[in-house]
Amino acid sequence: MTAVTQAMSRLLAAVKRLRRGAPDTVYSPPAPVDHVAALLAPKPARPAPARKFRSTKPRPLAAYELVGREPCWRCGEPPVEGTHAWDDRGDFQLLSNHTFKCTNGHGWTNSTDGG
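Note that the structure is predicted; figures quoted are calculated from it, not measured. (Residues numbered from 1 in each chain as written. Predicted model: local features only at pLDDT ≥ 70, side-chain atom pairs only at ≥ 80, totals over all residues. Heavy atoms only, no water.)

With that settled, consider the state of the cysteines. Inspection of the entire model under this criterion finds 0 disulfides. Looking at C75, it has no disulfide partner, and the nearest cysteine sulfur is the one in C72, 3.8 Å off. On the accessibility criterion, C75 (31% relative accessible area) is partly exposed. Free of any disulfide, C102 has its nearest neighbouring cysteine sulfur in C75, separated by 3.8 Å. (Disulfide = S-S within 2.5 Å. Buried < 20%, exposed > 50% of the residue type's maximum accessible area, 1.4 Å probe, protein only.)

Here it is in structure tokens:
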């Protein structure tokens, strides 16, 4: 016999043993499952993801960020120092807040929502 026919005869013998239900074969029926109850059972609600706040602390503006900004409304001097911060006030409400100071000590603010 060749190796192929030996393997084929072993395979056929194993199939016959399985069909007969040989004593070394153990059969365990599946556990009963109530499919309707499993489908209709309430699923636990997932918690909503926590909202990440995007507010920042004020940071000083560099000299190049002050160039071209609106002048002081009292004396018309350009700003010499200022800060910038983001203020998160909820969904779709992210404000950009600037504070400025001119050489005469006057201060003013500018807030925009990007529009």
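Another point: the pattern of salt bridges. Pairing is possible between side chains of opposite charge, provided their charged atoms come close. For the structure on display, the rule yields 4 salt bridges. Salt bridges sharing common partners tie together R51, R54 and D88. (Salt bridge = Lys/Arg side-chain N within 4 Å of Asp/Glu carboxyl O.)

So, about the pairing of strand β4 (residues 107-112). Regular strands place side chains that alternate from one sheet face to the opposite one. In the sheet, strand β3 (residues 94-102) pairs with β4 via 6 bridges, with the strands oriented antiparallel. Paired with N97 across the strands is S111, a residue of β4. Taking the residues between adjacent antiparallel strands as the criterion, β3 and β4 are bridged by 4 residues, where G105 takes a positive phi near 90°. (Pairing = 2+ DSSP bridges. Helix = DSSP H or I, 4+ residues; strand = E, 2+ residues; numbered from the N terminus.)

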